[in-house]
Amino acid sequence: MNKKLVSTLLCGAMVLASATPAFAGVADGQKIALVGKSAGNAFFEIAASSFKETVEAEGGTVEVVYPEAATADAQIKVLDNLISQDFDAICISANDVNALQAKLEEAMDAGIKVSSFDSAPNKDSRQVFVNQAGTVAVAQALMDAVLDIAGGEGQWAILSATSQAANQNAWIDAMKKIMEEDEKYSKLELVEVAYGDDEPQKSTDQTAALLEKYPDLKVICAPTTVGIAAAAKYLQDNESACKLTGLGLPSEMLEYTGADDEHSCPYFYLWDMQGLGKLSAYATSALISDEITGALDETFTAGDLGEYTITEADDGGTEIVLGLPLQFNSDNIEEMAKLY
Ligand code: RAM
């Protein structure tokens, strides 16, 4: 190729580069830390991989960090370490609603942008929360599933993650409120909220204990992907009459989902997992580039997901809601299991 042609091509490329607006939200060189609730949970691995892909495609870098345990103390250790490095932002799924406040405030005071995804620390601990689906929308879907699967009446229990988990407790509180406020749930009896700590073995043991304590238990609702997968296996292996619903990953629920006696879970819910990673990435990046501050009514474009508006969260802070909860059942589980 002759020199003139090369320089013409180079000039053209430079003009193009300067004329092409930066992809909304993600700018070159941004350094972001993504903090999950615990290691070894496919939920966070899937969200983190789409978060990373989104940021890296635009020239930023992401460090994904997991605490040693699913506790606030372990996350505080992680945050301490991150604050001493030159991160532009931290995006966190909180193991506790209030306990991270001092550390996250310290991060913000140090000029680090703080967003959260999946599980929100309180409103003073973050600039914005990326909520996978509205808290009440998730609770409503779960309550209606419990009512339907129980046949309108009877005992049911919740198998949660840790007792401090901000998102679990928000969903559980919203479910209790829905149940109390509408007469149609009055024949349902919530007998216990058990905690499997998002550990497969503990979740299995808690399922076994619930069945032993409540022989007439009709439904277990596990709003945790780890808990529901463990309970699904236990109930199905033991041919239990007790049925299951909750929040799960289709890939982990494939063999347990179906509305017949062979399967332990007629249907369950989750949301667009790749979308959660992407939207969290774009929102965090938009904070760094000062496109948003996290204030109510601000808007931004989250790449091919389109435009999002920051709304008021139930805790008085702000949030960006990805979409609606999605139902997985025998009709769509095979297709969805290929995605996440
Ligand atoms: C588990 C975690 C996570 C929750 C999902 C549904 O993986 O507890 O925080 O959002 O379940």
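Refer to the structure above for everything that follows.
As a starting point, this report considers the structure included with it. (Residues numbered from 1 in each chain as written. Predicted model: local features only at pLDDT ≥ 70, side-chain atom pairs only at ≥ 80, totals over all residues. Heavy atoms only, no water.)

## Here's the deal with the side chain of Ser-115
Okay, step 1: Here Ser-115 shows up in strand β4 (residues 113–117).
Okay, step 2: Aside from chain neighbours lying at most four places away, what touches Ser-115 is Ile-90, Cys-91, Ile-92, Val-128, Thr-284 and Leu-287. (Helix = DSSP H or I, 4+ residues; strand = E, 2+ residues; numbered from the N terminus. Contact = heavy atoms within 4.5 Å.)

## Description of the environment of Asp-297
Okay, step 1: In this fold, Asp-297 is placed in the loop between α10 (273–288) and β11 (299–301).
Okay, step 2: The exposed category is assigned to Asp-297, whose relative accessible area is 58%.
Okay, step 3: Sequence separation of Asp-297 and Thr-318 is 21 residues, and the distance between their C-alpha atoms is 9.2 Å.
Okay, step 4: If we ignore the near neighbours within four places in the chain, the residues touching Asp-297 are Thr-309 and Ile-310. (Buried < 20%, exposed > 50% of the residue type's maximum accessible area, 1.4 Å probe, protein only.)

## Observations concerning the pairing of strand β1 (residues 31–35)
Okay, step 1: Burial analysis of β1 places four of its five residues in the buried class, which makes it a mostly covered element.
Okay, step 2: Pairing of β1 with strand β2 (residues 61–65) involves five bridges; the strand directions are parallel. Its bridge partner lying in β2, Ile-32 is registered against Val-62.
Okay, step 3: Taken together, β1, helix α2 (residues 42–57) and β2 form a β-α-β motif whose crossover is right-handed.
Okay, step 4: In this structure, β1 lies alongside strand β3 (residues 89–92), joined through four bridges in parallel fashion. By the bridge assignment, Leu-34 is partnered in β3 with Cys-91. (Pairing = 2+ DSSP bridges. Right-handed = clockwise from strand over helix to strand, strands pointing away.)

## Examining the pairing of strand β8 (residues 219–222)
Okay, step 1: What you see with β8 is no split at all: Val-219 and Cys-221 on one side and Ile-220 and Ala-222 on the other are buried throughout.
Okay, step 2: The pairing of strand β6 (residues 154–160) with β8 spans three bridges and is classified as parallel. When the bridges of β8 are listed, Ile-158 appears paired with Cys-221.
Okay, step 3: Alignment of β8 against strand β9 (residues 243–246), held across four bridges, turns out to be parallel. The residue bridging Ala-222 from the neighbouring strand is Gly-246, located in β9.

## Some thoughts on the side chain of Ser-116
Okay, step 1: The topology assignment puts Ser-116 in strand β4.
Okay, step 2: In this structure Ser-116 comes out as buried when scored by relative accessible area, which is 0%.
Okay, step 3: Once residues lying within four places of it in the same chain are set aside, the contact partners of Ser-116 are Cys-91, Ile-92, Pro-121, Arg-126, Val-128, Phe-129 and Val-130.

## Points about the environment of Leu-270
Okay, step 1: Mapped onto the fold, Leu-270 is located in strand β10 (residues 268–270).
Okay, step 2: Look at Leu-270 and you get buried, because its relative accessible area is 0%.
Okay, step 3: With 20 residues separating them in the primary sequence, Leu-270 and Pro-250 have C-alpha atoms 8.4 Å apart.
Okay, step 4: The residues touching Leu-270, leaving out its near neighbours within four places in the chain, are Phe-43, Thr-225, Leu-247, Gly-248, Leu-249, Pro-325, Leu-326, Phe-328 and Tyr-340.

## Examining the nonpolar core
Okay, step 1: Core analysis: the largest hydrophobic core is formed by 84 residues, its most contacted members being Trp-156, Leu-244, Trp-271, Met-273 and Phe-300.
Okay, step 2: Looking at which element gives the most residues to this core, the answer is helix α5 (residues 135–150), with ten residues.
Okay, step 3: With 17 residues, the next largest nonpolar core counts Ala-33, Leu-82, Ile-83 and Ala-107 among its residues. (Core = buried A, V, L, I, M, F, W, Y, C linked by side-chain atoms within 4.5 Å.)

## Description of helix α3 (residues 72–83)
Okay, step 1: For α3, which comprises twelve residues, the first-to-last C-alpha distance of 16 Å matches the rise-based estimate of 16 Å (1.5 Å per residue) to within 8%.
Okay, step 2: Taken as a whole, α3 has its buried residues at Ala-72, Ala-74, Gln-75, Val-78, Leu-79, Leu-82 and Ile-83.
Okay, step 3: Taken together, the buried residues of α3 touch β1, β2, β3 and α4 (101–109).
Okay, step 4: The N-capping residue of α3, defined by a side-chain oxygen 3.1 Å from the backbone nitrogen of Ala-74, is Thr-71. (Expected span 1.5 Å × (residues − 1). Polar contact = N/O pair within 3.5 Å; in protein donor to acceptor, adjacent residues only side chain to side chain.)

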